[in-house]
Amino acid sequence: MLQQAFNGLVGGAFYALLALGLAVIFGMLGVVNFAHGAFYMLGAFGSYVLLDSFGVSFWLALPIVPVVLGVVGVVLERLFIHRLAPLDPLYNFLFTFGLALILQDLVKRQYGVQSQPYPRPSALGGSIDLGLFTYPAYQVFVLGVSVVLCGAVWVILTRTRVGMIVRAATERPELSRALGIDVARWVTPVFGFGIALAAFAGVLAAPMRAVNPLMGSDLIITVFAVVVIGGLGSVFGSVAAGFAVGLVSALGNYYVPSLSQTLVFILMAAVLLWRPAGLFGREEAAL
Amino acid sequence: MLRIDGLSAWYGEAQALRDVSLHVDKGEIVTLVGRNGAGKTTLLRSLMGLHHGTSGTVRFMDEDISALNPHKRARRGLGYVPDDRGIFATLSVEENLTLPPGMGPDPWSLERVYETFPRLKERRRFPGTKLSGGEQQMLALARVLRTGARLLLCDEPTEGLSPLIVQQIGEILREVKAAGVTVLLIEQNVHFAATVADRHHLLAEGRIVESMDNDEVRAREDELLQYLGI
C-alpha cells in the first residue's frame, strides 16, 4: 500500500512538471498547448539520441536537452504562436495540435513505434531502503528532483517581482497590460520555460519509461485532466493536482485495476461538479 | 490634457460609440453619465487601448496615443480603475499596490499610500480579493495613485458602496485634483458627481447628447435620476 502510494507520487511528479508548464502557458497566452506532450517525448528522445549517437551521459542530457528544446519553444512562440494569439484561440489549438502530430510522425519515421532502451545512470542503479520497503534509487531521485524543481518555481513565483508579474499576467492578462505591464515581453520566456519543463520531464522519464514516439500523447490526456482538476491557469493547483492524480491512479490501479484508465476522468468529473472552476481555480477564471 | 476626436467603437456589427469628441483639461474632473449600455465603459476601455475595433484619435499631453498598446498608454500616465476594481486574487494587497511600475512625475510612496489608507496597511499581507468592496475600491484607487498617473480613468468607483465610503472617495478625488491630477469619471450618482466634478457629459446610445455644468446638474437632479432609472 505504501509502496503503491510511492509509485503514485513518482508518476505524479511527471504530471506535476507537465501540468505546471501547461498552466502557466495557458494563463498567460490563453493557449492550450497541445504540443506539450510532444516536447516531453522529444525530451526523452533527445537524451536517447545524445547517448546513442554521441555518448553524452544522462547527467549532461539533463541540462542540455531542456535548454535546447526551451530555445526551440522560444522560436516557435516568436514565429507562430505570438502571431496567431490575437486571432480566435482555435487557431493556436489547431497549430499546436498539428505541430504535435508532425513532431510525433517525424520521430516515428526515424525510429519506428517500438521503444528504445535507455539505461539508468549507474550511480542510481541500485535500491534504497526506505525503512518500510526498498525502492529503486532512480525513482527516489525523480521524485526528489521534481519536488525541488516545483518548489523552486513556487519560490520564484511567490517571492520575486518576475513571479508577481507572471501571477498577475496569468490571472488577468488584459488588466495587467492596462496597469503598465508589458505582458508580451514575458510571454516568450514563459513559453520557453514551460517547454523546457516538459523536456526536463522527458529526460527524467527516459530511464524508467518506454522511450517511443507515442509516450507524449499517452500522457498528455491525463495531464489535461490534471490541469482542469487543479483549476485552469492555477499554478499551485496544477502541481497539487499532479501529485494527487498520480496517487489516485496508482492506488486505483492496485485496488480496482478495471477502472485504472477511467479513474482520473471520474475524479475530474466529480471535482468539476463540486467546483466548476477546479480545485484552486477562481470562478471568473473559468469564464 | 486629453482630447478625443471622432471616437467610434464597435462590437462586431454593433456600434457602441458614435463619433464621440470631448476634452479634459489639466486638473479637471469630468464625469460621464448615462444608462447601462450607453457606451461609458467602452469609452474608457477604448482610451486605455483595451477595446479592439475603434476609430478616431485620442491625444494625451499633445501626443497621439491612438495606436499605442495599453501598457504604453499606462506608462504615459493613464491610470485605469476598471468597473470591477480589477484586484488580483493571487496577489497580496501590497503586491497589488506595487505591481504597476511608477510612471508620473510624482508617484506616491508606499508610506504615503498607507498613511492615506491605514486599512490597507493593516491588511497588506491579505490576498487582494479578501478585502471588502469598499477596501478593494480604495486599493484600486491607491494603486494608480502610487504610479503617479496624471490622468485617472475611473469606472464607477462609488457603485454599491456605503455613503461613508462614497464620501471618503470624494475627499480623495478632491485631494488628487488639488495636486493637479486630472480625472475622467463614470458616475451614476449625479448628486455625488456634482460635488466633485467640474463638468458632466451625458451619453446615450454611444453619443454625447448633452454637456452640463454643476449648477445645471443640481437643478435637474430629479429629472436625471429618473432618466437614469435610479
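Predicted model only: the values in this text are computed from it and were never measured.

Enquirer: I'm lost on helix α2 (residues 36-54) of chain A in this one. Help?
Expert: Owing to its 3.6 residues per turn, the α-helix brings residues three or four apart onto one side. Here α2 of chain A spans 26 Å end to end across 19 residues, near enough to the 27 Å set by a 1.5 Å rise per residue. Count one or two residues on from α2 of chain A and you reach Gly55 of chain A, which has phi positive near 65 degrees.

Enquirer: Just checking my understanding: could you explain the sheet that holds strand β3 (residues 29-34) of chain B for this structure?
Expert: Each strand in a sheet pairs with its neighbour through backbone hydrogen bonds, running either in the same direction (parallel) or in the opposite one (antiparallel). Residues and elements named next belong to chain B. The mixed open sheet is built from six strands, whose spatial order is β6-β7-β8-β3-β9-β10. The open sheet is flanked by β6 (78-81) and β10 (207-213), the only strands paired with a single partner. Taking the axes of each pair of neighbouring strands and ignoring which way they run, one obtains an average angle of 20 degrees across the sheet. Sheet topology note: the β6/strand β7 (residues 151-155) ladder contains four bridges and is parallel. Note on β7: the bridge partner recorded for Tyr80 is Leu153. Running over the sheet, helix α6 (residues 133-146) touches β6 and β7 and is turned about 170 degrees from β6.

Enquirer: Looking at this model, I keep getting lost on the UniProt feature "transmembrane region" (unreviewed entry) in chain A. Mind explaining?
Expert: Residues and elements named next belong to chain A. UniProt records the feature "transmembrane region" (unreviewed entry) for residues 12-36, 56-77, 89-107, 137-157, 186-207, 219-247 and 254-274 in the present numbering. As annotated, residues 186-207 has a helix share of 91% and a strand share of 0%, and its two end C-alpha atoms lie 33 Å apart. Secondary structure over residues 254-274 splits into 67% helix and 0% strand, and the C-alpha atoms at its two ends are 26 Å apart.

Enquirer: Please explain the packing of helix α1 (residues 2-29) of chain A against helix α8 (residues 183-205) of chain A as it appears in this structure.
Expert: Helix packing geometry: the angle between the two helix axes and the distance between the axes. Residues and elements named next belong to chain A. Contact pair α1 / α8: the axes reach a minimum separation of 9 Å and the direction vectors enclose 165 degrees. Considering the angle they form, α1 stands roughly antiparallel to α8. Considering how the two elements wind past one another, α1 and α8 form a crossing that is left-handed. The residues of α8 that touch α1, namely those facing Phe14, Leu17, Leu18, Leu20, Gly21, Leu22, Val24, Ile25, Met28 and Leu29, are Trp186, Val187, Val190, Phe191, Gly194, Ile195, Leu197, Ala198, Phe200, Ala201 and Ala205. Residues belonging to the contact of α1 with α8 are distributed by class as follows: 19 nonpolar, two polar and no charged.

Enquirer: When you look at the interface of chain A and chain B in this model, what are you seeing that I'm missing?
Expert: When the parts come together, some accessible area is lost, and that loss is often what is quoted as the size of the interface. In this assembly, 14 residues from chain A lie in contact with 20 residues from chain B. Of all the secondary structure elements, the ones that give two or more residues to the side of chain A that touches chain B are α6 (161-171) and α7 (173-178) of chain A. Grouping the amino acids of the side of chain A that touches chain B by side-chain chemistry returns six nonpolar, one polar and seven charged.

Enquirer: Looking at this structure, I do not really get the pairing of strand β8 (residues 182-186) of chain B. What am I missing?
Expert: The side chains of a regular strand alternate, first on one face of the sheet and then on the other. All names here are of chain B. For β8, the tally of buried residues reaches five of five residues, placing the bulk of the element in the interior. Of the two faces of β8, the one holding Thr182, Leu184 and Ile186 and the one holding Val183 and Leu185 are both buried throughout. Bridge count for β3 against β8 is four bridges, and the pairing is parallel. Across the sheet, the residue bridging to Thr31 is Leu185, located in β8. Alignment of β7 against β8, held across five bridges, turns out to be parallel. Of the residues in β8, the one forming a bridge with Cys154 is Leu185. Once you follow β7 into helix α7 (residues 163-178) and on to β8, the crossover reads as right-handed.

Enquirer: Honestly, the packing of helix α3 (residues 58-84) of chain A against α8 of chain A in this entry has me stumped. Any pointers?
Expert: All names here are of chain A. The interhelical angle for the contact between α3 and α8, taken along N-to-C directions, is 140 degrees, at an axis separation of 7 Å. Looking at the two axes, α3 sits oblique to α8. Considering only the axes of α3 and α8, their crossing is right-handed. Taken together, the residues that form the contact of α3 with α8 break down as 17 nonpolar, four polar and two charged.

Enquirer: Honestly, the nonpolar core in this entry has me stumped. Any pointers?
Expert: Side chains of a nonpolar character, in soluble globular proteins, are inclined to be buried together. Leu18, Ala19, Leu20, Ala199 and Ala201 of chain A together with Leu153 of chain B are the most contacted members of the largest nonpolar core, which totals 154 residues. By residue number, the principal contributor to this core is α1 of chain A, which donates 17 residues.

Enquirer: Would you explain the sheet that holds strand β5 (residues 63-64) of chain B in this entry?
Expert: Residues and elements named next belong to chain B. Across the sheet, four strands lie side by side as β2-β1-β4-β5; this open sheet has antiparallel pairing. With one partner strand each, in any of the chains shown, β2 (14-24) and β5 form the two edges of the open sheet. As paired elements, strand β4 (residues 54-60) and β5 share two bridges and run antiparallel to each other. The residue of β5 that forms the bridge with Arg59 is Asp64.

Enquirer: In this structure, what is going on with the environment of Arg3 of chain B? I would like to understand it.
Expert: Residues and elements named next belong to chain B. Examined against the element boundaries, Arg3 turns out to sit in strand β1 (residues 2-11). Judged by C-beta crowding, with 16 C-beta atoms within 10 Å, Arg3 ranks as partly exposed. C-alpha separation for the pair Arg3 and His51, spaced 48 residues apart in sequence, amounts to 18 Å. Apart from residues no more than four positions distant in its own chain, Arg3 is found in contact with His23 and Arg59.

Reading guide: rules and limits
Residues numbered from 1 in each chain as written. Chains lettered and ligands numbered in written order. Predicted model: local features only at pLDDT ≥ 70, side-chain atom pairs only at ≥ 80, totals over all residues. Helix = DSSP H or I, 4+ residues; strand = E, 2+ residues; numbered from the N terminus. Expected span 1.5 Å × (residues − 1). Pairing = 2+ DSSP bridges. Axes fitted to C-alpha atoms, helices over the stretch in contact; angles between N-to-C directions. Contact = placed C-beta atoms within 7 Å. UniProt positions renumbered as here; feature names shortened; annotations may be inferred. Parallel < 35°, antiparallel > 145°, perpendicular 65-115°, else oblique. Left-handed = near helix turned anticlockwise from the far one by under 90°. Nonpolar A, V, L, I, M, F, W, Y, C, P; charged D, E, K, R; others polar. Buried ≥ 20, exposed ≤ 12 C-beta atoms within 10 Å, placed from the backbone. Right-handed = clockwise from strand over helix to strand, strands pointing away. Core = buried A, V, L, I, M, F, W, Y, C linked by C-beta atoms within 7 Å.

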